[in-house]
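Structural characterization, general
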Amino acid sequence: MTNTETQSILVVGSGMSGITAAIEAAEAGYDVYIVEKNPYLGGRVAQLHHYFPKLCPPFCGLEINFRRIKQNPRIRFFTMAEVESISGEEGNFDVTIKLNPRYVNEKCTACGKCAEACSIEIENPFNYGMNTMKAAYLPHDMAFPMRYVLDPALVRSEEAQKVKEACPYDAVELDMAPKTMSLKVGSIVWATGWKPYDANKLETYGFGEFPDVITNVMMERMASWTGPTQGKILCPSDGEVPQSVAFIQCAGSRDENHLPFCSGICCLASMKQATYVREQYPDAKIYIFFIDIRATDRLEDFYTKVKGDENIQFFKGKVAKITQEENGKGLVLRVEDTTTEALQEITVDMAVLATGMQPNTSDAPLPIDVPYDDYGFLASQNPKPGIYAAGCTRVPTGVSESVQDGTAAALKAIQSIVRR
Ligand SMILES: Cc1cc2nc3c(=O)[nH]c(=O)nc-3n(C[C@H](O)[C@H](O)[C@H](O)COP(=O)(O)OP(=O)(O)OC[C@H]3O[C@@H](n4cnc5c(N)ncnc54)[C@H](O)[C@@H]3O)c2cc1C
């Protein structure tokens with residue numbers, strides 16, 4: 001091998017699986033480029049309140065990884081970036097990357113003066129649209145890199161110049177334009193992960209119509225101190241404390257009309273979220289409506305513990321429909337108890353739809369021909385020589401499995417370079 005550029009590895013996506021692959025490969029002595037679509041690294045885990053099995057805040061794990069990235073000159077990362085094309089073969093790929101403008105350069109100290117000068121508000125995507133934020137924003141409180149972003153709506157507005165002048169560090173660049181960059185790499189790890197299944201497609205559950213019907217990812221943000229309610233779990237309709245909360249499993253999952261597969265994580269996620277509710281409201285009544293409970297490996301213990309709470313009722317039955325009380329704000333859940341075959345109506349203050357994980361590759365495929373399974377996941381760990389899939393781009397899975405998968409992909413990506 002003479003060309004040192006092709007000794008490099010490209011990692012696309014910086015969730016748990018991607019950052020793990022990047023760090024492991026770099027610490028083994030290989031140059032790595034990370035390409036991340038968001039303005040920050042960390043993927044969906046950064047949006048969780050706590051994560052099982054230990055129920056610690058995700059930044060415990062993420063911070064360690066960010067430190068390893070900062071300390072390693074072999075890793076270069078590009079945020080707000082996407083891969084436009086891939087050509088070539090194992091050991092010698094040509095890749096073009098599109099870098100979208102952040103309108104804020106590396107001189108930014110995150111002082112927030114730009115946000116103070118800005119009056120335009122936009123939806124906050126980090127909080128799944130549950131609140132708004134200034135159009136000059138830090139993506140979230142623990143963002144890495146800790147650097148502001150300007151929304152294009154602000155850049156195009158009359159306020160842009162005022163926001164630029166408010167920056168004491170000359171970090172705002174209103175004329176920043178999209179750029180294209182070429183890379184040569186020896187192998188590629190694809191780790192673009194998942195997105196929540198769109199709850200608007202679940203017509204019978206009233207998501208979008210009844211404000212107190214939320215999704216599991218929204219619950220994670222609501223429970224987080226950095227979330228839209230500063231960590232208080234409250235009914236979105238009136239800001240009141242919910243006296244009863246229902247978790248509706250398989251909301252769109254294992255359903256031929258939606259996601260036919262099981263994401264394998266939603267049961268545990270709802271049990272975890274039941275503990276969020278319990279911590280805040282010791283007397284709240286909690287229901288978990290399920291078809292089958294899937295709690296794998298050591299997490300069976302967690303299931304047993306949650307089941308021991310007398311105010312958490314596991315209810316075997318799939319909720320058919322959610323309506324709202326005629327003279328009240330309660331949500332009425334229609335469900336058949338499959339153990340007795342009795343049809344029941346149960347009224348709660350808040351319902352959480354446990355929507356599944358849809359692979360991002362299902363509507364944003366790789367810019368090179370690779371095989372997918374019926375649901376849009378990459379069909380194997382090695383879909384093409386020199387290209388490796390890691391984490392939820394391959395299979396819906398939890399964090400520890402994503403870390404294992406990322407490590408495995410790093411080894412395979414190194415082998416693609418070394419054996420040539
Ligand atoms: C409600 C809920 C709660 C959960 N709680 C837990 C828990 O407590 N414990 C646990 O172990 N697991 C939990 N999970 C699962 C956990 O979120 C996943 O295991 C984890 O996110 C997988 O990481 P990943 O790197 O594969 O994907 P992701 O986290 O999705 O990361 C993918 C990254 O790729 C980026 N990307 C996407 N497309 C592109 C592109 N085209 N170009 C460049 N970058 C791109 C994304 O912006 C993202 O940063 C939960 C899941 C849900 C639904």
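Along each chain, the written sequence defines residue order, and numbers are assigned to residues from 1. Reporting of local features is limited, given that this is a predicted model, to residues whose pLDDT is at least 70; pairs of side-chain atoms are given and counted only at 80 or more, and all residues count toward the totals for whole chains, interfaces and linings. With hydrogens and water excluded, all non-hydrogen atoms of the structure serve as input to the side-chain values.

Strand pairing is assigned whenever DSSP identifies at least 2 bridges connecting the two strands. Secondary structure elements follow DSSP: runs of H or I no shorter than four residues count as helices, runs of E no shorter than two count as strands, and numbering proceeds from the N terminus. Across the sheet, which stays open at both edges, the three strands sit in the order E17-E18-E19 with antiparallel pairing between neighbours. Edge positions in the sheet fall to strand E17 (319–324) and strand E19 (342–348), since each of these pairs with one other strand and no more. When the angles between neighbouring strand axes are averaged without regard to direction, this sheet yields 25°. Axes here mean lines fitted to C-alpha atoms, for a helix over just the part in contact, with angles spanning 0 to 180 degrees between N-to-C directions.

Buried means the residue's accessible area, taken with a 1.4 Å probe over protein chains only, is under 20% of the maximum for its type, while exposed means over 50%, and partly exposed covers the values in between. The alternating pattern of strand E2 (residues 32–35) places Val32 and Ile34 and Tyr33 and Val35 on opposite faces, both of which are buried. Inspection of the sheet shows strand E1 (residues 9–12) paired to E2 by four bridges, in the parallel sense. If you follow valine 11 over to E2, its bridge partner there is isoleucine 34. Convention used here: a crossover is right-handed provided that the path from the first strand, over the helix, to the second strand proceeds clockwise when the strands point away from the viewer. Read from E1 through helix H1 (residues 16–27) to E2, the crossover connection turns out right-handed. Of the pairings in the sheet, the one linking E2 to strand E3 (residues 75–78) comprises four bridges and is parallel in character. Across the sheet, the residue bridging to isoleucine 34 is phenylalanine 77, located in E3.

Attention now goes to the site of the ligand. The local shell around the ligand holds 35 residues, among which Ser17, Glu36, Lys272, Thr397 and Val399 are the closest. At 3.1 Å, a backbone N or O of methionine 16 approaches an oxygen atom of the ligand. With respect to the ligand, the backbone of lysine 37 contributes an N or O atom lying 3.2 Å from a nitrogen atom. Method for areas: the Shrake-Rupley scheme with a 1.4 Å probe, in which residue coverage is limited to the protein chains shown. For the ligand, whose accessible area on its own is 1,000 Å², the fraction buried by protein is 96%. Those elements that place two or more of their residues in the shell around the ligand are H1, strand E4 (81–89), helix H6 (216–223), helix H7 (266–280) and helix H9 (399–418). Residue classes in the shell around the ligand are distributed as 14 nonpolar, 15 polar and six charged. Any residue with a heavy atom lying within 4 Å of a molecule or strand is counted as near it. Polar contact is defined as a pair of N or O atoms within 3.5 Å, subject to the rule that within protein one atom must be able to donate a hydrogen and the other to accept it, and that residues adjacent in sequence are counted only when both atoms are side-chain atoms. Any residue outside Ala, Val, Leu, Ile, Met, Phe, Trp, Tyr, Cys, Pro, Asp, Glu, Lys and Arg is labelled polar, Gly included; the first ten of those are nonpolar and the last four are charged.

Here a salt bridge means any side-chain nitrogen of Lys or Arg lying within 4 Å of a carboxyl oxygen belonging to Asp or Glu. If you walk through the whole model with that rule in mind, you get 16 salt bridges. Of the charged contacts in the structure, one is a salt bridge between lysine 195 and aspartate 363, with a shortest N-O distance of 2.3 Å. Of this pair, lysine 195 sits in strand E12 (residues 194–196) while aspartate 363 sits in the loop between strand E21 (357–359) and strand E22 (387–389), placing them 168 residues apart in sequence. One connected set of salt bridges, linked through shared partners, spans Arg254, Asp292, Arg294 and Lys316.

This part takes up the layout of surface pockets. Buried and open spaces are told apart on a 1 Å grid over the protein atoms alone, a cavity being a set of points where a 1.4 Å probe fits but cannot get out and a pocket being an open set with protein on both sides within 12 Å along at least five of seven lines. Residues with an atom within 4 Å of a point are the lining residues. Grid points are joined across faces, edges and corners, and a volume is the space filled by probe spheres set on the points. Within this model, the second largest pocket holds a volume of roughly 570 Å³. In this structure, the second largest pocket is lined by 28 residues; those nearest its centre are Phe52, Pro53, Val399, Ser400 and Glu401. Contributions of two or more residues to the lining of the second largest pocket are made by H1, helix H2 (59–70) and H9. Considering only residue class, the lining of the second largest pocket consists of 13 nonpolar, nine polar and six charged.

Attention shifts here to the nonpolar core. Residues belong to one nonpolar core when they are buried, are Ala, Val, Leu, Ile, Met, Phe, Trp, Tyr or Cys, and are joined through side-chain atoms within 4.5 Å. By size, the foremost hydrophobic cluster in this structure holds 38 residues, and its most contacted members are Met219, Ile233, Phe247, Met271, Val277, Ile293 and Phe314. Broken down by secondary-structure element, the contributors of at least two residues to this core are H6, strand E14 (244–251), H7, strand E15 (285–290), helix H8 (300–307), strand E16 (312–316) and strand E20 (350–355). Examining the composition of this core, we find that seven residues originate from one element, H7, more than from any other. We call two residues in contact whenever any of their non-hydrogen atoms come within 4.5 Å of each other. Here valine 277 is in contact with Met219, Ile233, Val245, Phe247, Ala284 and Ile286, once residues within four sequence places are set aside. Residues Met16, Val45, Ala46 and Phe66 belong to the second largest nonpolar core, which totals 35 residues.

Any functional reading would require information that these geometric values do not contain.
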